Amino acid sequence: MAVKVLIPTPLQKLTNDQATVECEGTTVSELLEALESSCPGIKGRLCDDQGALRRFVNFYVNNEDIRFLQGIETPLTDGDEVSIIPAIVGG
């Protein structure tokens with residue numbers, strides 16, 4: 001089952017400058033593990049030491065914020081699109 005992951009520019013150095021990566025996973029959690037396998041170091045930028053998503057990184061599955069779905073256990077199906085969006089802070 002292939003899921004398309006949209007990678008933000010600051011993380012593309014970990015994906016060989018690819019803006020889009022295809023990975024396997026039935027949940028966002030599994031997708032993160034697959035992403036880490038193909039792009040070592042990326043999970044450390046997205047998750048804290050306990051494996052929880054960092055507060056300043058937002059995940060969307062088919063344009064739906066996973067915070068309003070099932071969080072990191074949000075189910076994925078073949079052809080889904082996952083967007084990783086870093087929070088922008090300004091003043």
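Up top is the structure.
The sections below set out a description of the structure shown in this document. By convention here, each chain's residues receive numbers from 1 onward along its written sequence. Local features in this predicted model are restricted to residues of pLDDT 70 or higher, and side-chain atom pairs are both shown and tallied only at a pLDDT of 80 or more, whereas totals for entire chains, interfaces and linings draw on every residue. In computing side-chain properties, one takes all heavy atoms of the structure into account and sets aside hydrogens as well as water.

Now for the pattern of salt bridges. We count a salt bridge whenever a side-chain nitrogen from Lys or Arg sits within 4 Å of a carboxyl oxygen from Asp or Glu. Per the counting criterion, the structure on display carries three salt bridges. A salt bridge links Lys-4 to Glu-81; the shortest N-O distance between them is 3.7 Å. Of this pair, Lys-4 sits in strand 1 (residues 2–6) while Glu-81 sits in strand 5 (residues 81–86); the two residues are 77 residues apart in sequence, bridging distant segments of the chain. Type-normalised accessible area, obtained with a 1.4 Å probe on protein chains alone, sets the label of each residue: buried when under 20%, exposed when over 50%, and partly exposed for intermediate values. Among the residues examined, Lys-4 registers a relative accessible area of 33% and is labelled partly exposed. Put simply, DSSP H or I for four residues or longer makes a helix, DSSP E for two residues or longer makes a strand, and each gets a number counted from the N terminus.

Here the focus is helix 1 (residues 28–38). Along helix 1, the residues classified as buried are Val-28, Leu-31, Leu-32 and Leu-35. Down the axis of helix 1, the buried side of the element spans an arc of 105°, and every buried residue falls inside it. Contact criterion: two residues are considered in contact whenever any of their non-hydrogen atoms come within 4.5 Å of each other. Elements in contact with the buried residues of helix 1: strand 1, strand 2 (20–24), helix 2 (42–46), strand 3 (57–61) and strand 5. The arc refers to the directions leading from the helix axis to the C-beta atoms.

Time to look at unusual backbone geometry. Even without glycine at this site, Asn-16 takes up a positive phi of about 55°. Inspection of the secondary structure puts Asn-16 in the loop between strand 1 and strand 2. Within the chain, Asn-62 stands out as a residue other than glycine whose phi angle is a positive 50°. Within the secondary structure, Asn-62 is located in the loop between strand 3 and strand 4 (64–65). A relative accessible area of 38% means that Asn-62 is categorised as partly exposed.

Let us now look at the sheet that holds strand 5. Taken together, five strands build an open sheet; the order of strands is 2-1-5-3-4 and the sheet is mixed. Looking at which strands have only one partner, the edges of the open sheet turn out to be strand 2 and strand 4. Think of it this way: DSSP has to see at least two bridges between two strands before they count as a pair. Pairing geometry for strand 1 and strand 2, over five bridges, is antiparallel. Residue pairing across strands places Val-3 opposite Cys-23, the latter belonging to strand 2.

Before going further, it helps to spend a moment on the side chain of Thr-15. With respect to the helices and strands, the residue Thr-15 is situated in the loop between strand 1 and strand 2. Two N or O atoms form a polar contact when they lie within 3.5 Å of each other; inside protein one atom must be a possible hydrogen donor and the other a possible acceptor, and for residues adjacent in sequence the pair counts only when both atoms belong to side chains. A distance of 2.7 Å separates a polar atom in the side chain of Thr-15 from the backbone oxygen of Gln-18. In this structure Thr-15 touches Ile-7, Val-21, Cys-39 and Ile-42, once residues within four positions along its chain are discounted.

Before going further, it helps to spend a moment on the nonpolar core. If you look at the biggest cluster of nonpolar residues, it comprises 21 residues, and the most contacted ones within it are Leu-35, Leu-46, Phe-59 and Ile-84. Of all the secondary structure elements, the ones that give two or more residues to this core are strand 1, strand 2, helix 1, helix 2, strand 3 and strand 5. No other element matches the four residues that helix 1 contributes to this core. Setting aside residues up to four positions removed in sequence, Leu-35 forms contacts with Val-5, Val-21, Cys-23, Ile-42, Leu-46 and Ile-84. To form a nonpolar core, buried Ala, Val, Leu, Ile, Met, Phe, Trp, Tyr and Cys residues must be joined to one another through side-chain atoms within 4.5 Å.

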